[in-house]
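Here are the chains, one letter per residue:
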Amino acid sequence: MKILGIETSCDETSMAILEVDHKKNTKVLANVVSSQIKIHAKYGGVFPALAAREHAKNIDKVLKITLKEAGLKSVEEIDLIAVTKGPGLAVALIVGITFAKTLAWKYKKLIIGVNHLEGHIYSNWLKPIGEFSILNLQFSKKIFPALNLIVSGGHTELVLMKDHGQYKLIGETMDDAAGEAFDKIARLLGLGYPGGPLISAEAEELQATNHKLQTKLPRPMINSKNFNFSFSGLKTAVLYLIKKLREESPRSNLFEDSRFDLERVRPAIAHEAQQAIVDVLVSKTIKAAEKYKPKSILLSGGVSANSQLRTALQKATEKLGINYLQPELKYTGDNAAMIALAGYFNYAKGKKKTDWKSAEVNANLRI
Ligand code: KG4
Ligand code: ZN
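All figures in this text were calculated on a predicted structure; none of them were measured in a lab.

A. Structural context of the side chain of Arg266. With respect to the secondary-structure elements, Arg266 resides in helix 9 (residues 262-292). Look past the residues within four positions of Arg266 in its chain and what remains in contact with it is Leu189, Gly190, Leu191 and Glu202.

B. The sheet that holds strand 9 (residues 166-172), seen in detail. The strand order 9-8-7-10-11 describes an open sheet built from five strands, whose pairing is mixed. The open sheet has two free edges, formed respectively by strand 9 and strand 11 (323-325), since each of these has just one partner strand. Put simply, the sheet's adjacent strands are angled 20 degrees from each other on average, direction ignored. Sheet topology note: the strand 8 (residues 156-163)/strand 9 ladder contains six bridges and is antiparallel.

C. Seen up close, the site of ligand 1. Residues in contact with ligand 1 amount to 19 residues; listed here are only the nearest, His120, Gly153, Asp183, Gly196 and Gly302. With respect to ligand 1, the side chain of Asp334 contributes an N or O atom lying 3.2 Å from an oxygen atom. Isolated, ligand 1 exposes 550 Å² of accessible area, and the fraction of that covered by the protein chains is 85%. Of all the elements in the fold, those that place two or more residues in the shell around ligand 1 are helix 4 (116-122), helix 6 (178-188) and helix 7 (195-204). The residue inventory of the shell around ligand 1, partitioned by class, reads five nonpolar, 12 polar and two charged.

D. Region of the structure containing the sheet that holds strand 1 (residues 2-7). Strand order in the open sheet formed by six strands is 5-4-1-2-3-6, with mixed pairing between adjacent strands. Edge strands, defined here as strands with exactly one partner in the open sheet, are strand 5 (110-115) and strand 6 (132-133). With two bridges connecting them, strand 3 (residues 26-35) and strand 6 associate as antiparallel partners. Counted as the bridge partner of Thr26 is Ser133 from strand 6. Where helix 3 (residues 90-107) meets the sheet, its contacts fall on strand 1, strand 2 (12-20), strand 4 (80-86) and strand 5, and the angle it forms with strand 4 comes to roughly 155 degrees.

E. The arrangement of helix 9 in detail. Here helix 9 spans 44 Å end to end across 31 residues, near enough to the 45 Å set by a 1.5 Å rise per residue. Lys293 sits one or two residues past helix 9 and shows a positive phi near 50 degrees.

F. Just the pattern of salt bridges, in detail. A complete count under the given rule lists nine salt bridges for this structure. The partner of Lys235 in a salt bridge is Asp176, with the nearest N and O atoms 3.5 Å apart. In this pair, Lys235 sits in helix 8 (residues 232-248) while Asp176 sits in the loop between strand 9 and helix 6, placing the two residues 59 residues apart along the sequence. We classify Asp176 as buried; its relative accessible area is 7%. Arg219 is the salt-bridge partner of Asp279, the closest N and O atoms lying 3.0 Å from each other. Of the two residues, Asp279 sits in helix 9 while Arg219 sits in the loop between helix 7 and helix 8, which places them 60 residues apart along the sequence.

G. Fine view of the environment of Thr156. Inspection of the secondary structure assignment puts Thr156 in strand 8. Between the C-alpha atom of Thr156 and that of Thr66, which follows or precedes it by 90 residues, the distance is 31 Å. Dropping the residues within four chain positions of it, Thr156 is found in contact with Ile150, Val151, Gly171, Glu172, Thr173, Ala177, Ala178, Phe229, Phe231 and Leu281. A distance of 2.7 Å separates the side chain of Thr156 from the backbone nitrogen of Ala178, its partner in a polar contact.

H. Representation of the nonpolar core in the model. Of all hydrophobic cores here, the largest spans 46 residues; its most connected members are Leu189, Phe231 and Leu281. Contributing elements (two or more residues each) for this core: strand 7 (146-151), strand 8, helix 6, helix 7, helix 8, helix 9, strand 10 (296-300) and helix 10 (307-320). Among the elements that line this core, the one with the most residues is helix 9, at 14 residues. In this view, Phe231 contacts Thr156, Thr173, Asp175, Asp176, Ala177, Ala178, Ala181, Ile277, Val280 and Leu281; residues no more than four positions away in its chain are not counted.

I. Quick peek at the confidence of the model for the protein. Per-residue pLDDT for the protein has a mean of 91; in total, 92% of the residues score no lower than 70. Note on residues 352-367: pLDDT is under 50 here. Beyond four places in sequence and across chains, it has 46 contacts.

J. Quick look at the packing of aromatic side chains. Scanning all chains against the criterion turns up eight aromatic pairs. A ring pair is formed by Trp125 and Phe139, whose centres lie 5.8 Å apart and whose planes are at 85 degrees; its orientation type is edge-to-face. Of the two residues, Trp125 sits in the loop between helix 4 and strand 6 while Phe139 sits in helix 5 (residues 137-143), which places them 14 residues apart along the sequence. According to the relative accessible area criterion, Phe139 is buried, its value standing at 15%. Ring centres of Phe229 and Phe231 lie 6.2 Å apart, and the angle between their planes is 15 degrees; on these two criteria the pair is classed as stacked. Taken as a pair, Phe229 and Phe231 share a single burial class, namely buried. By way of ring pairs, the aromatic residues Tyr122, Trp125, Phe139, Phe144, Tyr344 and Phe345 are connected into one cluster.

Conventions and cut-offs
- Residues numbered from 1 in each chain as written.
- Chains lettered and ligands numbered in written order.
- Predicted model: local features only at pLDDT ≥ 70, side-chain atom pairs only at ≥ 80, totals over all residues.
- Heavy atoms only, no water.
- Helix = DSSP H or I, 4+ residues; strand = E, 2+ residues; numbered from the N terminus.
- Contact = heavy atoms within 4.5 Å.
- Pairing = 2+ DSSP bridges.
- Axes fitted to C-alpha atoms, helices over the stretch in contact; angles between N-to-C directions.
- Near = heavy atom within 4 Å.
- Polar contact = N/O pair within 3.5 Å; in protein donor to acceptor, adjacent residues only side chain to side chain.
- Areas by Shrake-Rupley, 256 points an atom, 1.4 Å probe, with all protein chains shown as cover.
- Nonpolar A, V, L, I, M, F, W, Y, C, P; charged D, E, K, R; others polar.
- Expected span 1.5 Å × (residues − 1).
- Salt bridge = Lys/Arg side-chain N within 4 Å of Asp/Glu carboxyl O.
- Buried < 20%, exposed > 50% of the residue type's maximum accessible area, 1.4 Å probe, protein only.
- Core = buried A, V, L, I, M, F, W, Y, C linked by side-chain atoms within 4.5 Å.
- pLDDT = per-residue confidence, 0-100.
- Phe/Tyr/Trp six-rings, centres within 6.5 Å; stacked < 30°, edge-to-face > 60°.

Given below as structure tokens:
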């Protein structure tokens, strides 16, 4: 069967086609992502109304390209439509959901709503275009129960997954998400949007500079007994650190402005902030693994592109002697291939199967 995935929850208009053979081996035939990042970068974050307008403007074109790349002539050849139903920006989600419902109605196809975070979890099992993912029973036995660390721009969650479709939330952020922390700290450092990759690149410059920070940034809630997170204090600590460095920097005379040069200290601050976020994420995930004893740890969400996090979590997981999975870099950000794969497993379980008449619009649904 062939599944058309549609994703419009934030600033990427994405469609993908996934093929599943009779042995339940899955293969991505096409995965098209039309990114709006350049448009939103000017505003330092995603501007919802603009995101919705761009989705509406590009969605037909993205469908045409996706069908062409997959070698299909029409939606007629699709068996199931999987669309992100939330969480995300309501005005942006509605564009994808309405488009999916219209296609389902026009071509009389099944439609299924997919939770965006569940999609991120499934990104772990996507292979490059044209390669098979073998997700058979043997594979399931090695992976489940799995502990998921989902880190995106809007969410930071630890989710236990007993099997396909069976989730238990065991920890989440009390305030800012990890990606949001990267984005806000990047703004304080005068870097652009999205902040994660920019902070990462800046941190790598540290070797080239000789500036060292005298103070360490906090690792919020690292020793708390539960598995929740908090990142807003870290952002505030960066704000005060910049203020302090500015005040301490010498002035040549009373009337001249401070000689503080943010550019000089930026790599050191970026490096320390990134390390603080990674330390908390890894420490909490490992503590949760020690308690719940999963067979694997799975990383996902936009922040899973962070190489420090990937390396640190992999090393810590290997020490525990359990399996570790992380998505291929091309599937870390929002994409419709992960929505199609999660949609397929929901469909196969028969749990959330629905037709076009009953597809729900639920912007706040959680796993
Ligand atoms: O999953 P995603 O693409 O969208 C949401 O569902 O939110 O995640 C976007 C987030 C942004 O906050 C972005 O700064 C962060 O992922 N991100 C990174 C990196 N690449 C993207 N954070 C840290 N390091 C990266 N390399
Ligand atoms: Zn996402």
